[in-house]
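The lines below spell out each chain.
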Amino acid sequence: ELFGGCCRPGGGPAVGGTLKARGAGSTSGCGGPKGKKKNGRNRGGKANNPPYLPPEAEDGNIEYKLKLVNPSQYRFEHLVTQMKWRLQEGRGEAVYQIGVEDNGLLVGLAEEEMRASLKTLHRMAEKVGADITVLREREVDYDSDMPRKITEVLVRKVPDNQQFLDLRVAVLGNVDSGKSTLLGVLTQGELDNGRGRARLNLFRHLHEIQSGRTSSISFEILGFNSKGEVVNYSDSRTAEEICESSSKMITFIDLAGHHKYLHTTIFGLTSYCPDCALLLVSANTGIAGTTREHLGLALALKVPFFIVVSKIDLCAKTTVERTVRQLERVLKQPGCHKVPMLVTSEDDAVTAAQQFAQSPNVTPIFTLSSVSGESLDLLKVFLNILPPLTNSKEQEELMQQLTEFQVDEIYTVPEVGTVVGGTLSSGICREGDQLVVGPTDDGCFLELRVCSIQRNRSACRVLRAGQAATLALGDFDRALLRKGMVMVSPEMNPTICSVFEAEIVLLFHATTFRRGFQVTVHVGNVRQTAVVEKIHAKDKLRTGEKAVVRFRFLKHPEYLKVGAKLLFREGVTKGIGHVTDVQAITAGEAQANMGF
């Protein structure tokens, strides 16, 4: 329904208020101490029921501590080692719950004990080169006359050697919903004037400035230092200064909203591997235009997303509430199965960030204005607290593999030469590495050398799996490169294919999907027209049906891996799936097939 147009909102009352309360009183392992007192009373109907969090996990970046008062030197060293482990698990970030036992019981501490515990935590953080920020405090007063507090603390490591935490956020939404304007306000540090002044610095082409509509993919950065303070262009002249001052970087991928540029939006989602997506909805128009389609793309590619309702300064409060209810109905439909969580306070923003990382079903909803600045700080708090959505073990495993870099952009820079931009899928890439790039039109891989690396527009010596960067290739001929290629280690002995099979689900098609039908296939950074050669066990497919289909690329061979996510489109026809088999060919066979 999200892809095929008309989608009737499901029944049932809106649950924005209920979910907000649920978020505020959650007992999730990362939900923090918010609303513990309320939760304890409501669960059994008795005031003395002790509130609990789930027991502390050995893995992850969340640590429970009952108290940290005057530890011995041996105990202090042990605590420092423990903090290093939690920071490693959170890739530079950790959350400490002070006043909580290891089994999750919320005991709380008296004011003097809490002060001493925070002082010890500060000493521990200094020892490992980190800063601490108090996120929130809560009182727990069951079975006690003396007020006792729980404190939730964010520990963030000071950046060294450019190893800041980097999250990529794709920005989706209908045309004219205010995507570029919101990014301009966040990254420039100045509110919009209501006529689009904030977005002017983001546009890359003259026709974008003249029409006010994004047609290409652009990148903007927002930093947070080790104390959680915003670092943007308002106090930094260059991107390099922002990177030097930041412990955490948010890279926004600004995508096009107009349906005419849908292929560009799909390429941005499949190629740049965003950690999550921001879906922008205008308060005065609601779910309109490509909003449903962008929501469907995020769901199909399994990209976690949160929603921002913009332009609340243009309409009445009742209109904003109606738009939020409309979003809640869509999110609860069978195709989505999301739990909307309306964020109305700083406390909600902290809870939303932690629950969003823990559960893929939680979808925070923000309402804000880029002109008046109303509730803009709540979004900044959310982005500051938002932990990495992949754990350190997964990244370590990827780094152990051979180098594979996806080529998404190609440039020629004066006095530098050919430069390629993209994402390192696996392994480690260093300056001076010898790699091979391909496949070319005739199926070959060509040798090249990485001369230098830039990440977020500043020099970088080492690139690790999952990070995006630009690589300078010196005098390598740009004409030999194209988007969709890969740069890999020569030891990998990469295979190429013109024919592959995929298990697909046909999301929408006006008639029947048959042999000979041509579609544009997106697999990672690969984007090429392919023809349907065979539908196994069936003659044709209709909307909603599943089958294994054999495709053949029409122009040139590509590098594909079994298991890769696949999305195809042609007009209103859309489908998703994953690659199940690739028929590897040699360079000679590729040359013979070029005339197909």
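A quick note: this is a predicted structure, and the numbers were derived from the prediction, not measured.

Student: Can you lay out the overall build of the chain for me, pointing to particular residues and giving the numbers?
Tutor: Summing up its helical and strand segments, the chain has 14 helices and 30 strands in all. Across the 596 residues that make up the chain, the buried fraction comes to 54%. A separation threshold of at least 6 residues defines the contact pool for the chain, and within that pool the share at least 24 residues apart is 71%. For the chain, the exposed area adds up to about 25600 Å²; of that, 48% sits on carbon and sulfur atoms.

Student: Talk me through the pairing of strand β14 (residues 417-426); I want residue IDs and the actual numbers.
Tutor: The buried fraction of β14 amounts to eight of the ten residues, a majority that puts the element mostly inside the structure. Sheet topology note: the strand β13 (residues 404-413)/β14 ladder contains nine bridges and is antiparallel. Across the sheet, F405 pairs through a bridge with L424, a residue of β14. Linking two consecutive strands that pair antiparallel, namely β13 and β14, is a turn of three residues; a positive phi of about 65 degrees is found at E415 within it. Pairing of β14 with strand β21 (residues 468-472), which is carried by five bridges, proceeds in the antiparallel orientation. The residue bridging G422 from the neighbouring strand is A469, located in β21.

Student: Tell me about the sheet that holds strand β12 (residues 362-367), and name the residues and values.
Tutor: Spatially, eight strands are ordered β7-β6-β8-β5-β9-β10-β12-β11 in an open sheet, and the strand pairing comes out mixed. The open sheet is flanked by β7 (230-231) and β11 (339-342), the only strands paired with a single partner.

Student: An account of the pattern of salt bridges is needed here, citing residue identities and associated values.
Tutor: One pass over the full model with this rule turns up 22 salt bridges. With its nearest N and O atoms 3.7 Å apart, the salt bridge here joins R455 to D166. Of the two residues, R455 is situated in strand β18 (residues 452-455) and D166 in strand β5 (residues 165-173); the sequence distance between them amounts to 289 residues. Taken as a pair, R455 and D166 share a single burial class, namely buried.

Student: Describe in detail the nonpolar core, supporting the description with residues and values.
Tutor: L182, F252, F306, V308, L379, F382 and L383 are the most contacted members of the largest nonpolar core, which has 44 residues in total. Here this core takes seven residues from helix α12 (residues 376-385), the largest share from any one element. Two domains share this core, each providing at least three of its residues, namely domain 1 (62-157) and domain 2 (165-389). Among all residues touching L182, those that are not within four sequence positions of it are L278, L280, V308, L368, S370, L376 and L379. By size, the runner-up hydrophobic cluster in this structure holds 34 residues, among which are L172, V303, V309 and C336.

Student: Explain helix α13 (residues 392-400) to me, and be specific about the residues and the numbers.
Tutor: The α-helix advances 3.6 residues per turn, and as a result positions three or four apart in sequence lie on the same side. Along α13, the residues classified as buried are S392, Q395 and M399. Viewed along the axis of α13, the buried residues span an arc of 65 degrees, placing them on a single side of the element. Facing away from the buried side of α13, by more than 90 degrees, are the exposed residues E397 and Q400. On the buried face of α13, the contacting elements are α3 (73-89), β15 (428-430) and β20 (462-464).

Student: Quick one: what's the story with the side chain of T151, residue by residue and with numbers?
Tutor: The residue T151 is located in strand β4 (residues 148-157) in this model. With relative accessibility at 0%, the residue T151 sits in the buried group. Apart from residues lying up to four places away in sequence, T151 is in contact with Y96, Q97, I98, M114, L118, V134, R136 and E137.

The rules we used
- Residues numbered from 1 in each chain as written.
- Predicted model: local features only at pLDDT ≥ 70, side-chain atom pairs only at ≥ 80, totals over all residues.
- Heavy atoms only, no water.
- Helix = DSSP H or I, 4+ residues; strand = E, 2+ residues; numbered from the N terminus.
- Buried < 20%, exposed > 50% of the residue type's maximum accessible area, 1.4 Å probe, protein only.
- Contact = heavy atoms within 4.5 Å.
- Areas by Shrake-Rupley, 256 points an atom, 1.4 Å probe, with all protein chains shown as cover.
- Pairing = 2+ DSSP bridges.
- Salt bridge = Lys/Arg side-chain N within 4 Å of Asp/Glu carboxyl O.
- Core = buried A, V, L, I, M, F, W, Y, C linked by side-chain atoms within 4.5 Å.
- Domains from an automatic or database assignment.
- Arc of directions from axis to C-beta.

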